[in-house]
Amino acid sequence: MTVEGTVSGLEERVVGRAWMVRLDPADRGGAAVRVSCGRPACAPQVLPSAAVGRTAAVAHLATHLRAAPGPRPEASCACRAGECHTHVRADGPRDRAPALRCGGPVVLAVINDRQGRWWQALECCARCAAAHPSAKIVATAPAATARATAGPAPAAGARGAAGPPPAPVGPHFSHATSSPAPVPRTVPAPRPKPRRNRRTGKIAQRFVPYDLHPVALRDELIELGDLFRAYQQRPEPDLEQLAELHARKAKAFRTWAEVTGETELRLDAQRAEQAAAAALLQHQQRTGQSPVGEGEVTNRLLPGLTQWDHARTVLAHVAEHTPLPGPEARLMAVMLTLRSALTGTGNLVGQDVKGLPLTEPEELIGRLVDSGWLSIPGTADDLLASRPESPTPITIPSLMPDDDGQGPFDFGRKTRPKLSGWAQRVVGDKKLRKKKTGAATRLLALALAVRTTTDGRLGPEGEGVDLAVLTSWCAVEPDELETLVEQLTVADWLEEAAVTDGLLTGRLAERVLQVSCPLP
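Residues numbered from 1 in each chain as written. Predicted model: local features only at pLDDT ≥ 70, side-chain atom pairs only at ≥ 80, totals over all residues. Heavy atoms only, no water.

1. With respect to the overall build of the protein chain
Next, step 1: The secondary structure content of the protein chain amounts to 18 helices and 17 strands.
Next, step 2: By the burial criterion, 37% of the 520 residues in the protein chain qualify as buried.
Next, step 3: Within the protein chain, contacts between residues separated by at least 24 positions form 57% of all contacts whose residues are at least 6 apart in sequence.
Next, step 4: Accessible area for the protein chain stands at about 30,900 Å²; split by element, carbon and sulfur atoms hold 53% of it. (Helix = DSSP H or I, 4+ residues; strand = E, 2+ residues; numbered from the N terminus. Buried < 20%, exposed > 50% of the residue type's maximum accessible area, 1.4 Å probe, protein only. Contact = heavy atoms within 4.5 Å. Areas by Shrake-Rupley, 256 points an atom, 1.4 Å probe, with all protein chains shown as cover.)

See the structure below:
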């Protein structure tokens, strides 16, 4: 009998289903994204951000998965057409691997890329699904029936001619003297596999071994890795949370090093401790809470490194552009510059001038106007008589922006009143006023407030401040500086002050740490 044609089991199988949901930019340079689906009936959607787009894409794919029928036992792998590494030989991209590489039941799986740009649903075998690291099994096809696995059934006539199907045949042994009775073939029940906690993870480019003990350490490392990755997705940084994560990482890595004896892990723990300390210090400086002792912080009037640098910039500008000599003219220039720093114009009332330690304020204002550095609409007497409900407008031409809109300072409108309030707080300190200190003493207080460490010690790293710099700023002779230092000490502004080797050493009193602007 001749068989005209045969069809293999692989040729009878239908190609598995596959479709994809993608997330692409909607326009160049914008935040909008386009969600498109490979199903022909689905129209693309344009959404405002990537986060909203990912949520919509996942929900859209879930809707398709709920509506689609389950995987078909007779379906072949849909990934075969995509030339996945399971179906392509290693020696050539076009050489197909044998069909025996597929195995297991047919499943409906979802795979996606690590960046969250596309999600693909496909019918494939369990072995191909396991080859994709990101694959998630949605449903599994029921086991194929004996009729489906045994091939085409014989025709009715052939069955009648051949007789009833033979009984199952068991193993036969060649040394048996008689034909044994047929032994029914039974399939043993699968042996249950012991459950093992093989949870793994990754932290700091290191894989956490699944067999790492103690288990609490392994869970802590895996959780920290997840928390660090979640922190990287935050739209805004949280330095306090980052410092806490680094501190936990340092503790966990130190324990890990003790368990495994690896020196590199111990070094990573030390680096994590340094990162935790740096992040915490940045958080405290940005919020105006810098350490002054063990477990203590101070709330500063100017919070953050940026505003401290702006305060130093203003004082340096005044030192170079004071129109008149003497400490009173310089102190007046500081206060007027802060009132009109951005536009060159501002408002002033008589109390602002009368609160300064000036011997003859009318005469000083007249000299500043005559020099061209200051411009007011009326006389000095009119300015001193002005009240808050009718302030006097002032103009400092050297501070006005040029044609390009650029001025001598680059801070914003909200920073200027903070700097002005800070200087007024230093100059108008209650104890300085009570001791009736002069303009030179108030200038020295300003100079020392911007030349300290975070704990109030004078100079960079607490090494002291150059006396020549202080005398130049206060516009006094060198032999007068020691008297000014004594006045600040009596007013409880300085502690442990000493003038030695051309340096002023000591520290700010604790009560005035809040007005200090520490050096970087």
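2. Considerations on the pattern of salt bridges
Next, step 1: By the definition in use, this model includes 20 salt bridges.
Next, step 2: Taking the shortest distance from any N to any O, the salt bridge between Arg254 and Glu273 comes out at 2.0 Å. Placement of Arg254 in helix α7 (residues 239-260) and of Glu273 in helix α8 (residues 263-286) is noted, with a sequence separation of 19 residues between them.
Next, step 3: Residue class for Arg254 comes out partly exposed when judged on its relative accessible area of 32%.
Next, step 4: Asp309 is the partner of Arg312 in a salt bridge, and the nearest nitrogen-oxygen pair spans 3.0 Å. Of the two residues, Arg312 and Asp309 are both situated in helix α9 (residues 305-321); the distance of three residues between them amounts to about one turn of the helix.
Next, step 5: Arg312 sits in the buried class, given a relative accessible area of 17%.
Next, step 6: Taking the relative accessible area as the measure of exposure, Asp309 reaches 35% and is therefore partly exposed. (Salt bridge = Lys/Arg side-chain N within 4 Å of Asp/Glu carboxyl O.)

3. Quick notes on the packing of aromatic side chains
Next, step 1: Inspection of every chain in the model, using the stated rule, returns two aromatic pairs.
Next, step 2: Residues Phe253 and Trp256 carry aromatic rings whose centres are separated by 5.5 Å and whose planes lie at 75 degrees to one another, so their mutual orientation is edge-to-face. Of the two residues, Phe253 and Trp256 are both situated in helix α7; the distance of three residues between them amounts to about one turn of the helix. Here Phe253 and Trp256 have matching classes, each one buried.
Next, step 3: Ring centres of Phe409 and Phe411 lie 5.5 Å apart, and the angle between their planes is 25 degrees; on these two criteria the pair is classed as stacked. When sorted by exposure, Phe409 lands in the same class as Phe411, which is buried.
Next, step 4: Seen from the ring of Phe228, Lys249 lies directly overhead, with NZ or CZ sitting 5.8 Å from the centre.
Next, step 5: Sitting over the face of the ring of Phe253, Lys249 holds its NZ or CZ atom 5.5 Å from the ring centroid. (Phe/Tyr/Trp six-rings, centres within 6.5 Å; stacked < 30°, edge-to-face > 60°. Lys NZ or Arg CZ within 6 Å of the ring centre and 35° of its normal.)

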